[in-house]
Structure formats: structure tokens, C-alpha cells
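Understanding the architecture of this molecule
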Amino acid sequence: MEVIYRSTRNANETATASEAILKGLAGEGGLFVPDQIPALDVSFDDLAKMSYQEVAYAVMKLMFTDFTEEELKYCINSAYDSKFDTELIAPMAKHSGRYFLELFHGKTIAFKDMALSILPYLLTTSAKKNGVKNEIVILTATSGDTGKAALAGFADVPGTRIAVFYPKSGVSPIQEKQMVTERGKNTFVAGITGNFDDAQTGVKKMFQDEELAKFLDENGFQFSSANSINIGRLVPQIVYYVYAYTRLIADGTIKNGDKINVVVPTGNFGNILAAYYASLMGLPVNRFICASNDNKVLYDFFTTGKYDRNREFILTTSPSMDILISSNLERLIYRIAGNDAAKNAELMKQLNETGSYEITADMKKELDAFYGNYATEAEVSAEIKRIYDEDGYILDTHTAVASAVYGKYVAETGDDTPSVIASTASPYKFTRSVMTSIDADYEKKGDFELVDELERLSGVKVPQAIEDIRSAEVLHKTVCDKEDMEKVVKNFLGV
Ligand SMILES: *Cc1c(COP(=O)(O)O)cnc(C)c1O
């Protein structure tokens, strides 16, 4: 059955999967959502015998129905190969009685690799299928991890260029170094003097600018998005929740049909939404535990039904979750509004104009499966130290937010359902915060001394991604105001 994608803000705007991937964002700021979510047609017991790539095909063929088997397998096999440092692609680790789904074994050691290693193939295949002649320009705002993962995914992919904007003082030193040393000839990186929301708003503005689109088209370019609003990012993320479930079956933790909880450190709401979509495809999920840091907009939303971004933006040690507008939440709002584009558009208009909206009691009832909570900076640090002391496993700051929130959930509910914690980054990506959580004295050491010390403590070899930047040259030096983003993009394209 063909799955059609519809805009969350206009019931009449539809697209095939490949068209939606190409466009990224629908018109009027809407997001593309599938008009139906097909049930998995392979049993979990059979999926448990499959490789990651085979599970990926079983999931994606149901959602990307206008791709041929050959096209989809080409995309999957090109993405999930030896770029990952383990054949399992997303291994499950058990520590301190918890299951950590390690999503950081790709090129840039953060979970965004899971989707961004396949997106360039989905996108160039979509372009071919739709007779696109223009060069595709990926425009991305990043709170840190998307940027490098997108750069790595698109670097030197023919027919594409990529421009990345990050908040100049809102990412970790290693995240920044990873981006500004990118060597791909089709890449551009700029820091902006603002926060992530400024970067994201600037990018969205360019996407929605029809005059700019026309101007680019005349010059042989068109924009597309690698941000987590692209369904080409979202759908590949469904895969690892299904895969995680099959790992728990394979090791005897659960039987086919048993429920699990998923715990997700959340920023833009893409990762946890993928878990929710997985459940709509038949994955037995009891609770979706949405973990926030001090920027706890989502915690407030799940407890009160009111989304309110009017608050101070707090820089934390988990920068990839420092977000006040969780773009992908719109897809959930649309769904609990009964797939009503007009109703959703009205709420998003309120968000745009006043910075807040409130859902109805009926809509809130639909959110029973979600549990929100948050961890303070002190709690995150304490969690890293606690797990390290207990069994020598070292969490990154984002995963520690999730682990700490999971602790609160269990204390509050007593729920002992097996729970999978999405482990979204390698501790090597946030070495300083991680190491000073273990011992404040590490503050005095240099970044790469800490890297070596982390290797000693954890027994986990320094990843190639970190070795690569030890001595790499800074190639991208642009810093601009948020008002000048369009200008620097045009400059990059030479138009
Ligand atoms: C992006 C990111 C998150 C947040 O994921 P969303 O899909 O935006 O909710 C969490 N942790 C890390 C390490 C990330 O890079």
C-alpha cells in the first residue's frame, strides 16, 4: 500500500516519500507526516535473526513505498557499512542493570550518524527519481552534533552542497573543532552570534522564502534540509528501536510481545518521535520516557499540556538538548489533534506569535504513554560518576540526562518493565564535562590530555573521529550575525 506524506499545516499538500525527502519542509512551515503508518509484516522472532541492514529494509520499505527494493537496499548498504566501528551498527550494552542502546558507533560518534549516513543516498536517489537537475544545497542549523554528522554524510557527494550554522558559543570545543576542520570541498560552516533557536529560525526563514527559492532555481540550485524535520532522517531512526527490541529477544530478556520502555534524551523531539512511530508500526512500548536537561520545556508540556518557550535559554553540558522549540513535537501535536492540519496550524501560529500554546484535555489524554522529566546539571554529573563508580562504564552527558531521568521514573512509579536507554553520544565527544564529573581536578588538564585519560579510565579505545581532529587544520572561520545568514549562503554558492 502506498504511503503518502501530508503537510501538518495544510491537508491539501501531499507528496510521495521521495518528494518529501527532497523538499524537507512542507509549505507554510508544515512538516510532512505519513498519512498511515503500516504495521510491520515480519514477526519480531524473525526480525531477531536479521542483521541491522535487513531490519532497516523491513522497516523502511513500508514507509518509503515509492523506492524500489534495489534503490532502498543500495541506500541502506551504502550507509550502514564499515563507516561504523561495529558490524552490529547499534549494539546494546548492559551496565548497572540498565540497557544502553549505543547509537554512537558511526563516523562522528553521535546518534545523528544513524540517520545522516543514509540521508545523502536517500536524497540523491530521490533527486534522480524526480528528474531534478539542480544542485541540492543542504541547509542545516545545528546545536552541535547534527552539523558534523551532516557534513560527514554529504562531504563530496556529487550533486550536493552543504552549509551548516551553529551557535558560536553554544557547542562543545570538540564539536566545534569537528565542524570547522571539515575538508569536504562542497561544505561551508559558520558560527552565528546567537543560540541554536536563532540558527534554526534563520534556516527556516530561508526555506520559506519563495523569492530566494526562485533566485536559486535560476542559478541551478535548490535547498533541502538535513535537519531532523526531514522524514529521510526520521524513518531511519525507527529502525534502531525495532532492532533494540530484537536484541532483547535474542538475549532472552523479553519474549515476542512483551512491552519495553524507551528512554530518550530529547532536544528537537526527533529521536523519541521515531520510537513513537515504531510503536505505531507494532513495537510493544509501555512508556516513552522523555528526558530533558534544564531547558525543560517538554517536561512542563507533558505535565501541564502547555508548551511555553518564553523562558531563559540555559547553556548546559548537554548542548545538543539545549532547545526551546522542539520542531518534531509538531508531528505528535498533529496526530493528537486527530490529524487535523487546521487545528495544528492554529497552535503553531500561536507558538510563532506568542511563544506558547495549550492543548485541549482530549488531546492531553492521548499523551498517557509519555512521561516527561528532567535532570539538573548536578544530577547529570552525579549520574556519570555513579555509573562509573558502579561498573566502570562512562556515559556521555546526554545519555546521563536520560539515565538520571529514568532513575526518577522508576522511583516515582516502581515500574520494572525492561527499559532501553538511547545512548546518543560517545563520552569522547564531551570529554571535559564527563571527566570533571568523575573528578573535578580534571578541570586543569588540556582537552587531549583528558581524551587520553578517558581512554585509561574506560578501557574504550579513542575513536577515529577524535584522533582525526587532534592535529587537523581549521578550514572554516566564518562568524556572522543571524541577520546575515542569507548573505553568507549566497556568497558560498557564488550567486
Ligand atoms: C541531537 C541529540 C539529541 C536530541 O535528539 P532529538 O532527536 O533532537 O530529540 C540528544 N543527544 C545527542 C547527543 C544529540 O546529538
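A brief structural summary. (Residues numbered from 1 in each chain as written. Predicted model: local features only at pLDDT ≥ 70, side-chain atom pairs only at ≥ 80, totals over all residues. Heavy atoms only, no water.)

1. Digging into helix 6 (residues 119-129)
Note: α-helices contain 3.6 residues per turn, so residues at a spacing of three or four share the same orientation. Put simply, the test is: In this scheme, a residue with accessible area under 20% of its type's maximum is buried, one over 50% is exposed, and one in between is partly exposed, where area comes from a 1.4 Å probe on protein chains only. To qualify as a helix, a DSSP run of H or I must reach at least 4 residues; to qualify as a strand, a run of E must reach at least 2; elements of each kind are numbered from the N terminus.
The set of residues buried in helix 6 consists of Leu119, Pro120, Leu122, Leu123, Thr125, Ser126 and Ala127. Where helix 6 terminates, the next one or two residues include Gly131, which has phi positive at roughly 60°.

2. Re the pattern of salt bridges
We count it as follows: Whenever a carboxyl oxygen of Asp or Glu lies within 4 Å of a side-chain nitrogen of Lys or Arg, that contact is scored as a salt bridge.
Enumeration according to the criterion identifies 28 salt bridges in this entry. With a shortest N-O distance of 2.8 Å, Asp300 and Arg311 are connected by a salt bridge. Separated by 11 residues along the polypeptide, Asp300 in helix 13 (residues 297-304) and Arg311 in the loop between strand 12 (306-308) and helix 14 (329-336) bring together distant segments of the chain. According to the relative accessible area criterion, Arg311 is partly exposed, its value standing at 29%.

3. Some details on the side chain of Thr399
Definition in use: A 3.5 Å cut-off defines polar contacts: any pair of N or O atoms within that distance qualifies, except that in protein one atom must be a possible hydrogen donor and the other a possible acceptor, and neighbouring residues in sequence count only when both atoms are side-chain atoms. In what follows, residue pairs with any heavy atoms lying within 4.5 Å of each other are defined as contacts.
Here Thr399 shows up in helix 18 (residues 397-413). Look at Thr399 and you get buried, because its relative accessible area is 0%. Only 2.5 Å separates the side chain of Thr399 from the side chain of Asp396, close enough to count as a polar contact. Apart from residues lying up to four places away in sequence, Thr399 is in contact with Phe100, Ile421, Ala422, Ser423, Thr424 and Ala425.

4. Points about the nonpolar core
For clarity, the cut-off: Throughout, nonpolar core names a set of buried Ala, Val, Leu, Ile, Met, Phe, Trp, Tyr and Cys residues whose side chains join them through atoms within 4.5 Å.
Core analysis: the largest hydrophobic core is formed by 114 residues, its most contacted members being Tyr5, Met60, Phe64, Tyr241, Phe269, Ile333 and Tyr357. When residues of this core are assigned to their parent elements, the largest contribution, 13 residues, is made by helix 11 (residues 231-250). Dropping the residues within four chain positions of it, Tyr357 is found in contact with Phe301, Gly305, Lys306, Tyr307, Leu329, Ile333, Leu347, Met348, Gln350 and Leu351. Counting residues in hydrophobic clusters, the runner-up holds 41 residues, among them Tyr388, Ile394, Tyr406 and Ile466.

5. Structural notes on the site of the ligand
Definition in use: Residues are classed as near a molecule or strand on a simple rule: at least one heavy atom within 4 Å of it. Here the open area of atoms and residues is found with the Shrake-Rupley method and a 1.4 Å probe, where only the protein chains shown may cover a residue. Lys, Arg, Asp and Glu make up the charged group, whereas Ala, Val, Leu, Ile, Met, Phe, Trp, Tyr, Cys and Pro make up the nonpolar group; the residues left over, Gly among them, are polar.
Of all residues adjacent to the ligand, which total 15 residues, the nearest are Lys112, Asp145, Gly267, Asn268 and Asn271. Between the ligand and Asn268 there is a distance of 2.7 Å, counted from an oxygen atom to a backbone nitrogen or oxygen. One of the side-chain nitrogen or oxygen atoms of Thr424 is found 2.9 Å away from a nitrogen atom of the ligand. Protein coverage of the free-state accessible area of the ligand, which is 380 Å², stands at 98%. Looking at side-chain class alone, the shell around the ligand contains 5 nonpolar, 8 polar and 2 charged residues.

6. Considerations on the sheet that holds strand 3 (residues 32-34)
Short version of the rule: DSSP bridges decide pairing: two strands pair if at least two such bridges lie between them.
As summarised here, the arrangement of the 3 strands in space is 2-1-3, forming an open sheet in which the pairing is antiparallel. Strands at the two margins of the open sheet, each flanked by one partner only, are strand 2 (14-15) and strand 3. Relative to strand 2, strand 1 (residues 5-7) is paired through 2 bridges, and the arrangement is antiparallel. Looking at the pairing, Arg6 lines up with Thr14 of strand 2.

7. Description of empty space enclosed by the protein
Here is the rule we go by: Think of a 1 Å grid over the protein atoms and nothing else: a 1.4 Å probe that fits but is trapped marks a cavity, an open set flanked by protein within 12 Å on at least five of seven lines marks a pocket, and residues with an atom within 4 Å of a point count as lining. Grid points are joined across faces, edges and corners, and a volume is the space filled by probe spheres set on the points.
Using the criterion set out here, one finds 3 cavities of 30 Å³ or more in the structure. Here the largest cavity is characterised by a volume of approximately 280 Å³. If you trace the largest cavity, you find 27 residues lining it, with Phe111, Lys112, Gly267, Asn268 and Ser320 closest to the centre. Elements with a contribution of two residues or more to the lining of the largest cavity: helix 7 (145-154), helix 11, strand 10 (260-265) and helix 12 (270-280).

8. Things to note about the environment of Ser419
Within the secondary structure, Ser419 sits in strand 15 (residues 419-423). Sequence-wise, Ser419 and Val263 are 156 residues apart; in three dimensions their C-alpha atoms are separated by 7.0 Å. With sequence-adjacent residues up to four places away left out, Ser419 is seen in contact with Tyr99, Asn261, Val263 and Tyr406. Among the polar contacts listed, one links the side chain of Ser419 to the side chain of Asn261, at a separation of 3.2 Å.

9. Notes on the packing of helix 3 (residues 52-63) against helix 11
Which entries qualify depends on this criterion: Convention adopted: a line fitted to C-alpha atoms gives each axis, helices being fitted over their contacting stretch, and angles between N-to-C directions are expressed from 0 to 180 degrees. Orientation categories follow fixed angle ranges, with anything under 35 degrees roughly parallel, anything over 145 roughly antiparallel, 65 to 115 roughly perpendicular, and all other angles oblique. Two helices that cross are described as forming a left-handed crossing if the nearer one is turned anticlockwise from the farther one by less than a right angle, and a right-handed crossing if clockwise.
It is the contact of helix 3 with helix 11, at a shortest axis distance of 9 Å, that shows an interaxial angle of 130°. Considered as vectors, helix 3 and helix 11 are oriented oblique to each other. For the pair helix 3 and helix 11, the crossing hand works out as right-handed. Where helix 3 approaches helix 11, its residues Tyr52, Val55, Ala56, Val59, Met60 and Met63 are matched on the opposing element by Val235, Pro236, Ile238, Val239, Tyr240, Val242 and Tyr243. Here the contact of helix 3 with helix 11 is built from residues that sort into 13 nonpolar, no polar and no charged.

10. Details of the packing of helix 14 against helix 15 (residues 341-354)
Orientation of helix 14 relative to helix 15, taken along the N-to-C sense of each, is 135°, at an axis distance of 8 Å. Regarding the angle of helix 14 to helix 15, the classification is oblique. Two packed elements cross with a definite hand, and for helix 14 against helix 15 that hand is right-handed. Two secondary-structure elements touch here, helix 14 through Glu330, Ile333 and Tyr334 and helix 15 through Ala341, Asn344, Leu347 and Met348. A class-by-class count of the residues in the contact of helix 14 with helix 15 yields 5 nonpolar, 1 polar and 1 charged.

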